[in-house]
Amino acid sequence: MAKKKSRTRPTSDLLKLLATRPRAVALAALHVSESVLLELEASELLSARQIRGLLKDASKTLRNAAGQVDNRSSFIAAEIVDSMQETFTRNKS
């Protein structure tokens, strides 16, 4: 019989870090996301066009959220995604 995978909970130190350093968490998530997108393209699982579409959809969703609840964070996040899309497009041209 196969063993079940153990799911460990984050330590209290990690939870404290995540709670007190939201900017660092956001920056880490941004860099991981960019790396994943680049790897998906490099491994030919997604085309450059598909990645641009994914970023466009993410930006649109964030802008819609910002407009519905007047959420400044969603608007800023949309601007960041737009910048990622522009950089990706510029580097692939």
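Reading the values: the criteria
Within every chain, residues take consecutive numbers counted from 1 along the sequence as written. The predicted nature of this model means local features are confined to residues of pLDDT at least 70 and side-chain atom pairs, given and counted, to a pLDDT of 80 or more, with totals for whole chains, interfaces and linings taken over all residues. Where side-chain values are given, they derive from all heavy atoms of the structure, hydrogens and water being excluded. Each helix is a run of DSSP H or I of at least 4 residues and each strand a run of E of at least 2, with the numbering of both proceeding from the N terminus. Multiplying one less than the number of residues by 1.5 Å gives the expected span of a helix. We call a residue buried when its accessible area falls under 20% of the maximum for its residue type, exposed when it is over 50%, and partly exposed in between, using a 1.4 Å probe and counting protein chains only. For this quantity, the arc is that covered by the directions from the helix axis to the C-beta atoms. Working rule for contacts: check all heavy atoms of both residues, and any pair within 4.5 Å makes them a contact. Any N or O atom pair separated by 3.5 Å or less is treated as a polar contact, with the protein-specific requirement of one donor-capable and one acceptor-capable atom, and with residues adjacent in sequence counted only for side-chain atom pairs. For patch building, the residue pool is restricted to those with more than 30% relative accessible area and no salt bridge; the joining distance is 9 Å between like charges and 5 Å between nonpolar side chains (Val, Leu, Ile, Met, Phe, Trp, Tyr). Areas reported here follow the Shrake-Rupley algorithm with a probe of radius 1.4 Å; residue values treat only the protein chains shown as occluding. Any Lys or Arg side-chain nitrogen found within 4 Å of a carboxyl oxygen on Asp or Glu counts as a salt bridge. To obtain each axis, a line is fitted to C-alpha atoms, and for helices this fit is confined to the stretch in contact; angles are then taken between N-to-C directions over 0 to 180 degrees. By convention, the crossing between two helices is left-handed when the near helix turns anticlockwise from the far helix through less than a right angle, and right-handed when the turn is clockwise. Charged residues are taken to be Asp, Glu, Lys and Arg, nonpolar residues to be Ala, Val, Leu, Ile, Met, Phe, Trp, Tyr, Cys and Pro, and polar residues to be all remaining types, Gly included. For classification purposes, angles smaller than 35 degrees are called roughly parallel, those larger than 145 roughly antiparallel, those between 65 and 115 roughly perpendicular, and all remaining angles oblique. Per-residue confidence from the prediction method is given by pLDDT, with values spanning 0 to 100.

Q: I keep staring at helix α4 (residues 72-92) and nothing clicks. Help me out?
A: Side chains that are three or four residues apart share a direction in an α-helix, a result of its 3.6 residues per turn. For α4, built from 21 residues, the straight-helix expectation of 30 Å at 1.5 Å per residue is met to within 8% by its first-to-last C-alpha distance of 30 Å. Residues of α4 that are buried: Ser 74, Ala 78, Val 81, Asp 82, Met 84, Gln 85 and Phe 88. All buried residues of α4 fall inside an arc of 160 degrees around its axis, so they share one side. Summarising the geometry of α4, the exposed residues directed more than 90 degrees from the buried face are Arg 72, Ser 73, Glu 86, Arg 90 and Asn 91. The secondary structure elements touched by the buried residues of α4 are α2 (22-42) and α3 (48-69). Measuring from the backbone nitrogen of Ser 73 back to the side-chain oxygen at the start of α4 gives 3.0 Å, which picks out Asn 71 as the cap.

Q: So what exactly am I meant to see when it comes to a nonpolar patch on the surface here?
A: Nonpolar side chains collect at one region of the surface, where Leu 14, Leu 15, Leu 17, Leu 18 and Val 25 lie side by side and expose about 400 Å² of accessible area between them. Looking at the nonpolar patch element by element, the count peaks at four residues for helix α1 (residues 12-20). Its location among the elements puts Leu 15 in helix α1. Using a relative accessible area of 46% as the deciding quantity, one classes Leu 15 as partly exposed.

Q: Sorry, what's going on with the packing of α2 against α4 here?
A: The relative placement of two packed helices comes down to the angle between their axes together with the axis-to-axis distance. Between α2 and α4, the least distance of the axes is 12 Å, while the angle of their chain directions is 35 degrees. The chirality of how α2 crosses α4 is right-handed. Counting all contacts with α2, which are made through Leu 30, Glu 34, Leu 37, Leu 38 and Glu 41, the residues of α4 involved are Ile 80, Met 84, Phe 88 and Lys 92. For the contact of α2 with α4, the residue count by class is six nonpolar, no polar and three charged.

Q: Would you mind showing me how to read the packing of α3 against α4 here?
A: With their axes 8 Å apart at the nearest point, α3 and α4 run at an angle of 165 degrees to one another. On the basis of their axis angle, the class for α3 and α4 is roughly antiparallel. Considering the relative orientation of α3 and α4, their crossing is left-handed. Between α3, through Ala 48, Ile 51, Arg 52, Leu 55, Lys 56, Ala 58, Ser 59, Leu 62, Arg 63, Ala 65 and Ala 66, and α4, the contact on the second element is made entirely by Ser 74, Phe 75, Ala 77, Ala 78, Glu 79, Val 81, Asp 82, Met 84, Gln 85, Phe 88 and Thr 89.

Q: Explanation requested: the confidence of the model for the protein in the structure shown.
A: The predicted structure's coordinates, where accompanied by low pLDDT, should not be read in detail. Looking at the protein, the pLDDT average stands at 85 and 88% of residues meet or exceed 70. When mean pLDDT is taken per element in the protein, α3 scores highest with 92 and α1 scores lowest with 78.

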